[in-house]
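As a plain string of letters, each chain reads:
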Amino acid sequence: MRAIFKTEKAAVDFSDKIHNWLLKNRKGYNAERWSIPSKSKNGNKWIVKLPEDYPISEKLVIYENLLSTRIKSLYKKLIQKFTH
Amino acid sequence: MIKQSEFSNIVSATTKYFFEADGETVGWYDSTALSTITKDASNFVSRWNDKLGSGHDLLQASGTNQPELRADGMFFDGIDNFFKTAPFAYEQPEYVYLVMKQITWSSLDAIFDGNTSTSGVLWQTGSSPNLSTFAGAGVNNNQLALDTWGIVRVLFNGIPSLLQINANAPVTGNSGTSDMGGITMGSRGQADTRYAHMMVKEAIFRKAADSEANSNKIYNYLKSKYSL
């Protein structure tokens, strides 16, 4: 799964968040950083690949941010139903 | 009769294969030699050392770019995985032996390269499953089917260079004269694009135009070890 951002700063901040999560949660994780975000082919988005072991709750937040406002409330209800 | 005082506690290191001791191997990367691999609990690899201790170690400091050590070899995801040594003096003739599998094929994805882009690249070009070399010019070989383990031999030595799959007749020609100057595995030397989706069990990089006899000795070592 990849997270897509409109700005490089947002992508770098998210990459740092992943890096810090891995430092705490993945035994033996040995990296100076998680990633250097890459540009999309058209150059107007920034992409960060997610590690497989990144928690599902965090991945769902990314999905939520991609949805239009109209269906966000329905999406939140579905998440609550399946994660609680 | 040998006196007891003449016995020594020194144990001589013995080498089993000629390429371990002839001084021509600049990088020997063995996925079964776990002591040479630094990985985390999810088997993502930050360091794959040269088994001969030259210091020409394959490194990856960014988590997302780290290949994964699996039961049957080093897995490169084709998205952003690669390794890279620091630059070092590595000039033609350069002879590379790989036990590898192309999982999928995508034009210009690079199996390995030198320190800078196309300084000595083996990549996927033309149409699947073709591989070709390039260090200023290129040699093509389409005999390694996808998702099939094979032993690939690449010689960069101007004319004639060669690209050989298993024990098939090598394809010879001109691969150009650029010098690798280091090793990049899984991408071109610039390492910002064209990542190969592949697996590698073992790779031997040499700075010699090995004779046919010596090349076949290395081939037979790899063939026997991995039952290919």
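Residues numbered from 1 in each chain as written. Chains lettered and ligands numbered in written order. Predicted model: local features only at pLDDT ≥ 70, side-chain atom pairs only at ≥ 80, totals over all residues. Heavy atoms only, no water.

> Before we move on, can you summarise helix 1 (residues 8–25) of chain A with the specific residues and values?
Residue and element names in this part refer to chain A. Relative to the 26 Å expected for 18 residues at 1.5 Å per residue, helix 1 spans 25 Å between its end C-alpha atoms, a close match to the ideal helical length. Within the sequence span of helix 1, burial applies to Ala11, Phe14, Ser15, Ile18, His19 and Leu22. Projected down its long axis, helix 1 shows its buried positions confined to an angular sector of 145 degrees, all on one face. The outward face of helix 1, more than 90 degrees from its buried face, is lined by the exposed residues Lys9 and Lys24. (Helix = DSSP H or I, 4+ residues; strand = E, 2+ residues; numbered from the N terminus. Expected span 1.5 Å × (residues − 1). Buried < 20%, exposed > 50% of the residue type's maximum accessible area, 1.4 Å probe, protein only. Arc of directions from axis to C-beta.)

> Lay out the interface of chain B and chain A in plain terms, naming residues and giving numbers.
Facing 16 residues of chain B, the contacting portion of chain A comprises 13 residues. Both faces considered, chain B and chain A share a buried interface measuring about 1,100 Å² in area, 47% of it formed by carbon and sulfur atoms. Summed over the three residues of chain B that lose the most area to chain A, namely Asp40, Ala61 and Thr64 of chain B, the buried surface amounts to 39% of that side. For the pair chain B and chain A, the interface holds 3 salt bridges. A salt bridge links Lys49 of chain A to Asp80 of chain B; the shortest N-O distance between them is 2.7 Å. The interface formed by chain B and chain A includes 13 residue pairs in polar contact (both at pLDDT 80 or more). (Contact = heavy atoms within 4.5 Å. Buried area = accessible area lost by both parts, 1.4 Å probe. Salt bridge = Lys/Arg side-chain N within 4 Å of Asp/Glu carboxyl O. Polar contact = N/O pair within 3.5 Å; in protein donor to acceptor, adjacent residues only side chain to side chain.)

> Pulling in residues and values, what's your account of the side chain of Ser175 of chain B?
All names here are of chain B. Relative to the assigned elements, Ser175 resides in the loop between strand 15 (171–173) and strand 16 (184–185). Relative accessible area serves as the criterion here: at 0%, Ser175 is assigned to the buried category. For Ser175, the side chain forms a polar contact with the side chain of Thr133, separated by 2.6 Å. Residue contacts for Ser175: discarding those within four places in its chain leaves Thr133, Phe134, Ala135, Gly136, Ala137, Gly138, Val139, Phe156, Gly158 and Ser161.

> Which residues make up the nonpolar core, and what are the values?
Soluble globular proteins tend to pack their nonpolar side chains together in the buried interior. All names here are of chain B. Membership of the largest hydrophobic core comes to 35 residues, with the highest contact counts inside it found for Leu98, Phe112, Met185 and Phe205. Elements with a contribution of two residues or more to this core: strand 1 (25–30), strand 3 (45–48), strand 6 (73–77), strand 8 (94–102), strand 9 (110–113), strand 13 (150–156), strand 14 (161–165) and strand 17 (197–206). Looking at which element gives the most residues to this core, the answer is strand 17, with 4 residues. One finds Tyr97, Ile204, Tyr219 and Leu222 within the second-largest nonpolar core, a separate group that totals 17 residues. (Core = buried A, V, L, I, M, F, W, Y, C linked by side-chain atoms within 4.5 Å.)

> Any details on the sheet that holds strand 2 (residues 38–39) of chain A? Residues and values, ideally.
Residue and element names in this part refer to chain A. If you walk across this open sheet you meet the 3 strands as 1-3-2, and the pairing is antiparallel. Every other strand in the sheet has two partners, leaving strand 1 (2–5) and strand 2 as the edge strands with one partner each. As defined by bridge partners, strand 2 adjoins strand 3 (residues 46–49) across 2 bridges and the pair is classed as antiparallel. Residue Lys39 lies in a different strand from strand 3, and its bridge partner there is Trp46. Here helix 1 sits on the sheet and contacts strand 1 and strand 3; the angle it forms with strand 3, its principal contact strand, is near 10 degrees. (Pairing = 2+ DSSP bridges. Axes fitted to C-alpha atoms, helices over the stretch in contact; angles between N-to-C directions.)

> Summarise helix 2 (residues 212–225) of chain B; cite the residues concerned and give the values.
Residues and elements named next belong to chain B. Here helix 2 is 14 residues long and its end C-alpha atoms lie 20 Å apart, about the 20 Å a rise of 1.5 Å per residue gives. Of all the positions in helix 2, only Ser215, Ile218, Tyr219, Tyr221 and Leu222 are classed as buried. Projected down its long axis, helix 2 carries its buried residues within an arc of 155 degrees, all on one side. Across helix 2 from its buried face, at more than 90 degrees, point the exposed residues Glu212 and Ser224. Residues of helix 2 that are buried in the fold lie against helix 1 (18–21), strand 1, strand 8, strand 13 and strand 17. Immediately beyond the C-terminal end of helix 2, within one or two residues, lies Ser227, with a positive phi of roughly 50 degrees.

> Summarise unusual backbone geometry; cite the residues concerned and give the values.
With glycine set apart, most residues show a phi of negative sign, and most peptide bonds adopt trans. All names here are of chain B. In the segment running from Gln92 into Pro93, the intervening peptide bond is cis, with an omega of 5 degrees. Along the chain, Pro93 falls in the loop between strand 7 (83–84) and strand 8. Residue Pro160 follows Ile159 across a cis peptide bond; omega there is 0 degrees. Mapped onto the secondary structure, Pro160 falls in the loop between strand 13 and strand 14. Positive phi, normally seen in glycine, also occurs at Ser227, with a value near 50 degrees. When its relative accessible area of 67% is taken as the criterion, Ser227 is described as exposed.

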